[in-house]
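The chain contents come next:
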Amino acid sequence: MGRKRLITDSYPVVKRREGSAGHSKGELAPELGEEPQPLSVDDLGRPEEQHVIAGEEPQPLSVDDAELELLRQFDLAWQYGPCTGITRLQRWHRAEQMGLEPPPEVRQVLQMHPGDPRIQYSLWHVYPL
């Protein structure tokens, strides 16, 4: 009698490769002679996002990046229902009709950029259903 089969037996085994210096895929290796920069922390203890260009002072998020981050957070907020297959504005209206009180700032951003697909579509619109 053989061993008991598990559901995971039906999936292929995938081995992850590490980069040349032992860094994982999304991680950047520090440049030679460059010291790691400490992360700044906001009032809630979360790291603040900053854009750093080599040799320059860190800069806060631009207005456009702040708007995109607001929309990303709206996409990730489960309380407004699923966001695949519809635009962000359609999701906002659906949430409003259901009495879920979506953030009015999201609607303002969506109405300021009516033709921009980065703004109008959710994070997952490029993935097929």
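Residue numbers here run from 1 along each chain, matching the order of that chain's written sequence. pLDDT decides what is reported in this predicted model: residues at 70 or higher carry local features, side-chain atom pairs at 80 or more are listed and counted, and totals for whole chains, interfaces and linings draw on all residues regardless. Where side-chain values are given, they derive from all heavy atoms of the structure, hydrogens and water being excluded.

What follows concerns the packing of aromatic side chains. For any pair of aromatic rings, the description rests on two quantities: the centre-to-centre distance and the angle between the ring planes. Classification of ring pairs uses Phe, Tyr and Trp, with its six-membered ring standing for Trp, and accepts pairs whose centres are within 6.5 Å; under 30 degrees between planes counts as stacked, over 60 as edge-to-face, and the remaining range as tilted. Within the structure shown, the criterion is met by one aromatic pair. Between the aromatic rings of F74 and Y80, the centroid separation amounts to 5.3 Å while the plane-to-plane angle is 35°, which identifies the pairing as tilted. In this scheme, the term charge over a ring applies when either NZ of a lysine or CZ of an arginine sits within 6 Å of the ring centre and within 35 degrees of the ring normal. The ring of F74 is capped by R91, whose NZ or CZ atom sits 4.6 Å from the centre of that ring.

Turning to the confidence of the model for the protein chain, a few remarks are in order. Predicted confidence across the protein chain gives a mean pLDDT of 75, with 60% of residues reaching 70 or more. A score from 0 to 100, pLDDT tells how confident the predictor is in each residue. Residue contacts are counted whenever heavy atoms from the two residues lie within 4.5 Å of one another. This model gives residues 43-47 a pLDDT under 50, and the stretch forms five contacts once residues within four places in sequence are excluded.

Another point: helix α2 (residues 88-97). Along an α-helix, a turn takes 3.6 residues, which lines up residues three or four apart on a common side. Those residues of α2 lying buried are R88, R91, W92 and A95. For α2, the angular spread of buried residues about the axis comes to 100°, placing them on one side. The buried label applies to any residue whose accessible area, calculated with a 1.4 Å probe on protein chains only, is under 20% of its type's maximum; exposed applies above 50%, and partly exposed to all values in between. Helix and strand assignments follow DSSP, with helices taken as H or I runs no shorter than four residues and strands as E runs no shorter than two, numbered in order from the N terminus. Arc definition: directions from the helix axis to the C-beta atoms.

Moving on: the environment of P103. Among the structural elements, P103 can be located in the loop between α2 and α3 (104-112). Sequence spacing of P103 and L70 is 33 residues, and the spatial spacing of their C-alpha atoms is 9.7 Å. With residues near it in sequence (within four places) discarded, P103 still touches F74, Y80 and W92.

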